[in-house]
Amino acid sequence: MTAKATPSPPASGKSPAPRKGIFHSIYYAFNSIRLTVFLFIILGIVSIIGTIIEQGASPEKYAQEYTEGTIRLFNALGLFDMYHTFWFFTLLLLLLLNLTVCTLERLPKVWRFAKRIKPILEEGDEKKYPIRDDFELPGGAEKVEAAFRKLARLPYWMILLDIAAVVLAIFFTREYNFNFLEFVSFIILPLGYVALLNFRGKLIRTEKDGVVHLFVNQWLISRFGVYITHVSILIIFLGAIAGNLFGFKGYMAVGEGETTNRMYVRQARMIDTLMDALQSVSAKTTEDSHTSRSGEFTTLPFSIRCDDFNVSYYDTGLPKDYTSDLVVIENGKETMRKTIEVNDPLVVGKTYFYQSSYGRSGRPGVVVFKVQAPGGEFRTYRAPVRGTFHVDGTDTDIQIMSFVPDFTITNGQVRQRSEEMINPAIYIMGKKGDHLLFNGWFLPKYPEYSIDTAGYKFEFVDYWGSQYTGLQVAYDPGVEVVWIGCSLLVIGLMISFFHSHQRIWARINGDHVVIAGSAHKNRMAFEKKIEDLVKLLRT
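Model, not experiment: these values are computed from the prediction.

**Student:** Which residues make up the overall build of the protein chain, and what values do they have?
**Tutor:** Helix and strand content of the protein chain: 12 helices and 22 strands. Once the C-alpha set of the protein chain is aligned to its principal axes, its extents read approximately 125 × 90 × 45 Å. Here the protein chain holds 539 residues, and the buried ones make up 40% of them. Residue pairs in contact within the protein chain that sit at least 24 positions apart in sequence constitute 64% of those at least 6 positions apart. By element, 59% of the accessible surface of the protein chain is carried by carbon and sulfur atoms, the whole surface being about 31,700 Å². Looking at charge distribution, the protein chain has the averaged site of its 58 positive side-chain charges lying 12 Å from that of its 54 negative ones.

**Student:** Requested: an account of the domain arrangement of the protein chain, with residues and values cited.
**Tutor:** According to the domain assignment, the protein chain consists of domain 1 (1–116), domain 2 (119–169 + 184–219 + 500–539) and domain 3 (366–462). For domain 1 and domain 3, the distance between their C-alpha centroids amounts to 70 Å.

**Student:** Provide a residue-level description of the sheet that holds strand β2 (residues 202–208), including the pertinent values.
**Tutor:** Taken together, the five strands give an open sheet; going across it, the order is β1-β22-β21-β3-β2, and neighbouring strands pair in antiparallel fashion. At either margin of the open sheet sits one strand with a lone partner, and together these are β1 (131–136) and β2. Between one strand and the next, the sheet's axes are offset by a mean angle of 15°, whatever the strand orientation. In this structure, β1 lies alongside strand β22 (residues 512–519), joined through six bridges in antiparallel fashion. Residue pairing for β22: Ile131 is matched across the bridge by Gly517. Running over the sheet, helix α6 (residues 140–152) touches β2, β3 (211–218), β21 (502–509) and β22 and is turned about 10° from β3.

**Student:** Got a sec to walk through the pairing of strand β8 (residues 333–341)? Specific residues and values, please.
**Tutor:** Sheet topology places strand β7 (residues 319–330) next to β8; eight bridges connect them, and they run antiparallel. From the neighbouring strand, Leu326 faces β8, where its bridge partner is Lys338. Where β7 folds back onto β8 in an antiparallel hairpin, the turn is made up of two residues, including Asn331, whose phi is positive at roughly 55°.

**Student:** Give me the side chain of Asp406: which residues, what numbers.
**Tutor:** Among the secondary structure elements, Asp406 is positioned in the loop between β14 (396–404) and β15 (407–410). Residues within four places of Asp406 in sequence aside, it is in contact with Arg415, Gln416, Arg417, Ser418, Glu420, Ile422 and Asn423.

**Student:** Can you tell me about the pattern of salt bridges, naming the residues and giving the values?
**Tutor:** Scanning all chains against the criterion turns up 23 salt bridges. Put simply, Arg205 and Glu145 hold a salt bridge, and the shortest N to O gap is 2.3 Å. You can see Arg205 sitting in strand β2 and its partner Glu145 sitting in helix α6, a full 60 residues away along the chain. On the basis of relative accessibility, which here comes to 36%, the residue Arg205 falls in the partly exposed class. For Glu145, a relative accessible area of 13% gives the class buried. With a closest N to O distance of 3.0 Å, Glu207 and Arg205 form a salt bridge. In this structure Glu207 comes out as exposed when scored by relative accessible area, which is 57%.

**Student:** Lay out the nonpolar core with the relevant residues and their values.
**Tutor:** In terms of nonpolar packing, the biggest core is built from 43 residues, with Met252, Ile304, Phe353, Phe369, Phe389, Ile428 and Phe458 touching the most fellow members. The greatest single-element share of this core, amounting to seven residues, is contributed by strand β6 (residues 297–313). Of all hydrophobic cores here, the second largest spans 25 residues; its members include Ile71, Leu99, Ile233 and Leu245.

**Student:** Which residues make up a nonpolar patch on the surface, and what are the values?
**Tutor:** Side chains of Ile33, Val37, Ile41, Ile45 and Ile49 sit close together on the surface and give an oily, nonpolar patch of about 410 Å² of accessible area. Its place among the elements puts Ile33 in helix α2 (residues 33–52).

**Student:** Outline the sheet that holds strand β10 (residues 351–360), supporting the account with residue identities and numerical values.
**Tutor:** Spatial ordering of the open sheet is given by β8-β7-β6-β5-β4-β20-β10-β9, a layout of eight strands whose pairing is antiparallel. Here the strands that pair on one side only, and so sit at the sheet edges, are β8 and β9 (346–348). This sheet shows a mean twist of 35° between the axes of neighbouring strands, independent of strand direction. Sheet topology note: the β6/β7 ladder contains 10 bridges and is antiparallel. Its bridge partner being in β7, Tyr313 is matched across the sheet by Pro319.

**Student:** Requested: an account of the packing of aromatic side chains, with residues and values cited.
**Tutor:** We describe a pair of aromatic rings using the distance from one ring centre to the other and the angle between the two ring planes. The final tally for this structure, using the stated rule, is 34 aromatic pairs. Seen in terms of ring centroids, Tyr27 and Tyr28 are 5.1 Å apart; in terms of plane orientation they differ by 85°. Their pairing is edge-to-face. By relative accessible area, Tyr27 is classed as partly exposed at 28%. A relative accessible area of 38% means that Tyr28 is categorised as partly exposed. Summarising the aromatic geometry, the rings of Phe369 and Phe442 are spaced 6.0 Å apart at their centres and angled 65° between planes, so their arrangement reads as edge-to-face. Here the residue Phe369 occupies a position in strand β11 (residues 366–372), and Phe442 occupies one in strand β18 (residues 435–442), the gap between them amounting to 73 residues. Residue classification places Phe369 among the buried residues on the basis of a relative accessible area of 0%. Looking at Phe442, the relative accessible area reads 7%, which means it is buried. Grouped by ring-pair contacts, the aromatic residues Phe369, Phe403, Phe438, Phe442, Tyr456, Phe458, Phe460 and Tyr463 constitute a single cluster. The cationic tip of Arg382 hangs over the ring face of Trp464; the distance from NZ or CZ to the ring centre is 5.5 Å.

**Student:** Provide a residue-level description of the side chain of Thr396, including the pertinent values.
**Tutor:** Positionally, Thr396 belongs in strand β14. A residue is classified by how much of its surface remains accessible, and Thr396, at 0% relative accessible area, is buried.

**Student:** Would you mind going over the environment of Ser232 in detail, with residue names and values included?
**Tutor:** Assignment of secondary structure puts Ser232 in helix α9 (residues 225–246). For Ser232 and Pro447, which are 215 residues apart along the polypeptide, the C-alpha to C-alpha distance reads 62 Å. Setting aside its immediate chain neighbours within four residues, Ser232 contacts Gly485, Leu488 and Leu489. Engagement of the side chain of Ser232 in a polar contact is seen with the backbone oxygen of Thr229, the distance being 2.5 Å.

Conventions used here
Residues numbered from 1 in each chain as written. Predicted model: local features only at pLDDT ≥ 70, side-chain atom pairs only at ≥ 80, totals over all residues. Heavy atoms only, no water. Helix = DSSP H or I, 4+ residues; strand = E, 2+ residues; numbered from the N terminus. Buried < 20%, exposed > 50% of the residue type's maximum accessible area, 1.4 Å probe, protein only. Contact = heavy atoms within 4.5 Å. Areas by Shrake-Rupley, 256 points an atom, 1.4 Å probe, with all protein chains shown as cover. Lys, Arg positive; Asp, Glu negative; His and termini not counted. Charge placed at Lys NZ, Arg CZ, Asp CG, Glu CD. Domains from an automatic or database assignment. Pairing = 2+ DSSP bridges. Axes fitted to C-alpha atoms, helices over the stretch in contact; angles between N-to-C directions. Salt bridge = Lys/Arg side-chain N within 4 Å of Asp/Glu carboxyl O. Core = buried A, V, L, I, M, F, W, Y, C linked by side-chain atoms within 4.5 Å. Patch = residues over 30% accessible without salt bridge, like charges linked within 9 Å, V, L, I, M, F, W, Y side chains within 5 Å. Phe/Tyr/Trp six-rings, centres within 6.5 Å; stacked < 30°, edge-to-face > 60°. Lys NZ or Arg CZ within 6 Å of the ring centre and 35° of its normal. Polar contact = N/O pair within 3.5 Å; in protein donor to acceptor, adjacent residues only side chain to side chain.

The following block contains the structure:
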């Protein structure tokens, strides 16, 4: 009978390492600074491309700038709206995973280090630290403790900064109508950072076997600055992803005096695009689908009314500024009013209405005049072209015969030069019964060349109802989350770059003093700080 051979252990005497699973390998593939740098480089290149290639422009504009083959290629790659493509969305998710794994792997080590810091400088421990000194100092314990307390004392400039921060917070809170997330982003987080500046380190005194140990631990939070930055980037990306998934952009053209809730969708919600794709795959597309696609019209849950639109011009005739008086109507009631202009939008919830364009609607308007009868006061009157109004307190009727928004004179005749409301001319006729008082062109900018109006004074106010205001509509539910992330990012960077974790120990045995210290950044400044401390003690 042959005995079975027993397998011999490995020559090294160690058991073989356990095989790593696929999830373990994927997890540690994301635990890489190189991957972080690579993803940031790719996102930087993508951002450059997105700057060179205008995003979301009209097809006509692309047709003027690119060939047909280039347009097909860019459309296939999604380069005309790449910030809302699936591949850009995937890049953001990869960076989120990378930052999350790196933070989870490194943060516990820093946390354990922070908990292991000892307030006692044992005999010989000073040799472990790069900055150290020892000297004789009569009455050492009291003098060293007084100097250490000065290190931890709150300076006067910090108290003034606290007061200024609180005053500014109160001012901005009263000046602006912040919602909760905006209040956290612009008030709570900055105040939190200013409050953090007050904690300059706590003095710990320990007596052991007749030896006095002093310890000041300053700006331990600076070791966590990089992780605050990581978290802020995660929050910014989560806000951007939420905006991509659930946000949309559109356009509304609202004429003066009109009310509408109808919007042209320029950029649909990505979640709707995903739902459309799933429905097309499952062949379950229904007629009552509430998804909206780019290039289609949809309705808002509230309406916008334009009460007035005004344009001001430079002397050259170019538009200087244009404003719209808008009213928000919900459930048949006016809930908000605001005069908007470029870069000062109307905000309804999380929907922003920006002033973006204007034009002539093609319909006839109403001429608005201020008229003063002889011996009377100025009063406001309105009448459409070919319409008539009666001057109160008189027996005079005035008819608007014609209106030209921007006139020029050719061969002695008034002609229209453009559709802009730059240099209006109004042909008016005044009658007292059947008697003609005056008729001819009234030129608001050139009253000396206007007709003789028989003692009546005219001031042109507006040609109302003939123009429309173009509104850029943007809904982004993640914008406030992005603001919080940006505030945290600034705080994280300031903690990381402008503060250093500094530890200072002192061991006093009788008159013999040993000073040791360590700083994880800006060592030269820390060495100067310890030198000044030692000089102060020796004098």
